[in-house]
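What follows is the residue order along each chain.
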Amino acid sequence: FKLDNVQTECNAQITASYFPLIPDTAIAISGGWNSGAIRLAISGDQQVLTTGTYTFSPTKWHGATYWTSSPGGIRYTAGTDLFGNMYSGSGYITITQISVQYVKGTFEFITGIDIPTNTFKTVTNGEFYVKRGN
C-alpha cells in the first residue's frame, strides 16, 4: 500500500483471523513494518462474510487502524473504532477471495484527524493476500 503516497509493505506480524466457532462473521487482518503497523477489520453483522466491498460507515463495524512506531506511537483510525467508541475518516475493504486458508483483497482509507498532532493519514492502493489462522 501507499501511506501518504510512500510505498509501504508489511514484513512482520502478518495475520488474518479465522475462528472455527464463528467462521467468517468477522475478520481482522494485521501487519507491521519497521516504523508502524496496520489493522483492517470487517464484520458481517452475524452474517458470513463473502467476496465484495465493505465500505466504512457509522452503522457498520468496518475500519482500519494505523499505528506509528515513532514518534510516540500515534494511533490513526478510519471507520468504526470500537476502542474509542467513535467513527471517523472514510474508506473500504474489498474481499476478492476468502477461504479457511487464505483471504485476499484490496483496501483504501483516509483516517480521521489525530487531535494532538492535527494530522491525518491517507492509505491508497492497498493489497493483501494472507494465510489465515487464529
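As shown above, the structure is provided for reference.
Residues numbered from 1 in each chain as written. Predicted model: local features only at pLDDT ≥ 70, side-chain atom pairs only at ≥ 80, totals over all residues. Heavy atoms only, no water.

Caption draft 1: Unusual backbone geometry, seen in detail. A positive phi angle, close to 50°, is found at Asp 4, a residue other than glycine. Secondary-structure assignment places Asp 4 in the loop between strand E1 (2-3) and strand E2 (6-7). The partly exposed category is assigned to Asp 4, whose relative accessible area is 37%. We note that Asn 118 has phi near 55°; this positive angle belongs to a residue other than glycine. Take Asn 118: it is sitting in the loop between strand E11 (102-110) and strand E12 (122-131). (Helix = DSSP H or I, 4+ residues; strand = E, 2+ residues; numbered from the N terminus. Buried < 20%, exposed > 50% of the residue type's maximum accessible area, 1.4 Å probe, protein only.)

Caption draft 2: Seen up close, the environment of Arg 39. Of note, Arg 39 is situated in strand E5 (residues 36-43). Note: C-alpha distance between Arg 39 and Thr 80 (41 residues apart in sequence) is 12 Å. Excluding anything up to four places from it in sequence, Arg 39 contacts Ala 28, Ile 29, Ser 30, Gly 63, Ala 64, Thr 65 and Trp 67. (Contact = heavy atoms within 4.5 Å.)

Caption draft 3: Broad picture of the pairing of strand E10 (residues 90-98). Pairing of strand E6 (residues 52-55) with E10, which is carried by four bridges, proceeds in the antiparallel orientation. Bridging from a neighbouring strand, Tyr 54 pairs with Ile 93 of E10. In the sheet, E10 pairs with E11 via eight bridges, with the strands oriented antiparallel. Bridging from a neighbouring strand, Ile 93 pairs with Phe 107 of E11. Connecting E10 to the next strand, E11, in antiparallel fashion are three residues. (Pairing = 2+ DSSP bridges.)

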